[in-house]
Amino acid sequence: MTMERMEIDENYIVRCLSGYETLLEDVRDRIRFLHSNMATTDDVLESLQMKKNYGTAGTSGGDRKKDLGDLLERYEENEERYAEFLKMYINQLMQEEESLKRVWICYQGLPYRQRAVLKALYVEHKPWKVVRAELRMSHSTLSNNRFSAIQNIRQLYDSEFTDMQIMMYRQPELERRMDEGKQQQISIWDLGVKKP
């Protein structure tokens, strides 16, 4: 079953990178809470169904039993609506969890320089001035790398690539070595990958 992806924007990406672990754990906690709440609702519905069947079977149709049956029926309808709401909300939370994970995977799939910029700014929460000094970039270069990185995440996120494809085609070690001035041609075998 393929889940429809949430729409994301720059603010969502920044928020995700700034607190990925916390956001993911919060979503998972809410899903666990709702699952336990659904189990309770299902138990109540089963119990009510048994009481309703037991209370009306073989009776003479007295008003008291009819009133109790109507009350149980209304309660059951409310509980069924609540169970549907819980299922819908859990589905929404699962979609949010998938979106958080996909943004993080797309971030991991960025070229080395772009990933380094976003990591310093949002994952490590460093000020621009510090990041500029550490990465030896001018303000405009840092700003351009940041903008390109956010755009690349959005494009990867919206692409038809699977999460696995995004992870597989990432080559940060190659990029890092090339950035360090080793402009010779490097094959994946130079990185310690054994030939089949």
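Rules and cut-offs
- Residues numbered from 1 in each chain as written.
- Predicted model: local features only at pLDDT ≥ 70, side-chain atom pairs only at ≥ 80, totals over all residues.
- Heavy atoms only, no water.
- Axes fitted to C-alpha atoms, helices over the stretch in contact; angles between N-to-C directions.
- Helix = DSSP H or I, 4+ residues; strand = E, 2+ residues; numbered from the N terminus.
- Parallel < 35°, antiparallel > 145°, perpendicular 65-115°, else oblique.
- Contact = heavy atoms within 4.5 Å.
- Nonpolar A, V, L, I, M, F, W, Y, C, P; charged D, E, K, R; others polar.
- Patch = residues over 30% accessible without salt bridge, like charges linked within 9 Å, V, L, I, M, F, W, Y side chains within 5 Å.
- Areas by Shrake-Rupley, 256 points an atom, 1.4 Å probe, with all protein chains shown as cover.
- Salt bridge = Lys/Arg side-chain N within 4 Å of Asp/Glu carboxyl O.
- Buried < 20%, exposed > 50% of the residue type's maximum accessible area, 1.4 Å probe, protein only.
- Phe/Tyr/Trp six-rings, centres within 6.5 Å; stacked < 30°, edge-to-face > 60°.

By the naming in an unreviewed UniProt entry, the chain goes by Sigma-70 family RNA polymerase sigma factor and is assigned to Blautia caccae.

Chemist: What is the right way to look at the packing of helix H5 (residues 128-135) against helix H6 (residues 139-158) in this model?
Modeler: Helix packing for two helices is described by the angle between their axes and how far apart those axes are. Running from N to C, H5 and H6 cross one another at 100°; their axes reach a closest spacing of 10 Å. Considered as vectors, H5 and H6 are oriented roughly perpendicular to each other. The segment H5 lies against H6, with Trp128, Val131 and Arg132 engaging His139, Leu142, Ser143 and Arg146. Here the contact of H5 with H6 is built from residues that sort into 3 nonpolar, 2 polar and 2 charged.

Chemist: Explain a nonpolar patch on the surface to me, please; I cannot follow it from the model alone.
Modeler: A surface patch of nonpolar side chains, amounting to about 310 Å² of accessible area, comprises Tyr82, Phe85 and Met88. Here Met88 shows up in helix H3 (residues 63-108). For Met88, a relative accessible area of 56% gives the class exposed.

Chemist: Mind showing me how you'd approach the pattern of salt bridges here?
Modeler: Where charged atoms of side chains with opposite charge meet at close range, the side chains can pair. A full pass over the atoms with the stated rule returns 13 salt bridges. The closest approach of N and O atoms between Glu10 and Arg146, which form a salt bridge, is 2.2 Å. Residue Glu10 is located in helix H1 (residues 10-18), and its partner Arg146 is located in helix H6; the two are separated by 136 residues in the primary sequence. What makes Arg146 buried here is its relative accessible area of 12%. Two residues, Arg32 and Asp29, come together in a salt bridge whose shortest N-O distance is 2.4 Å. With Arg32 and Asp29 both in helix H2 (residues 20-56) and 3 residues apart, the pair spans about one turn of that helix. Looking at Asp29, the relative accessible area reads 39%, which means it is partly exposed.

Chemist: Can you walk me through the packing of aromatic side chains in this structure?
Modeler: Remark: the centre distance and the inter-plane angle together describe each pair of aromatic rings, the angle taken between the planes. The full count for this structure, using the stated rule, is 3 aromatic pairs. Arranged with centres 6.1 Å apart and planes meeting at 5°, the rings of Phe85 and Tyr89 form a pair that is stacked. Pair noted here: Phe85 and Tyr89 are both in helix H3, with a separation of 4 residues, about one helical turn. Exposure remark for Phe85: the relative accessible area of 43% places this residue in the partly exposed category. Judged by relative accessible area, Tyr89 falls into the partly exposed class, the value being 25%.

Chemist: Mind showing me how you'd approach unusual backbone geometry here?
Modeler: Positive phi values are uncommon outside glycine, yet His125 reaches one of about 55°. With respect to the element layout, His125 can be found in the loop between helix H4 (112-123) and H5. Phi angles above zero are rare outside glycine, and Arg136 is one such case at about 55°. On the secondary structure map, Arg136 appears in the loop between H5 and H6.

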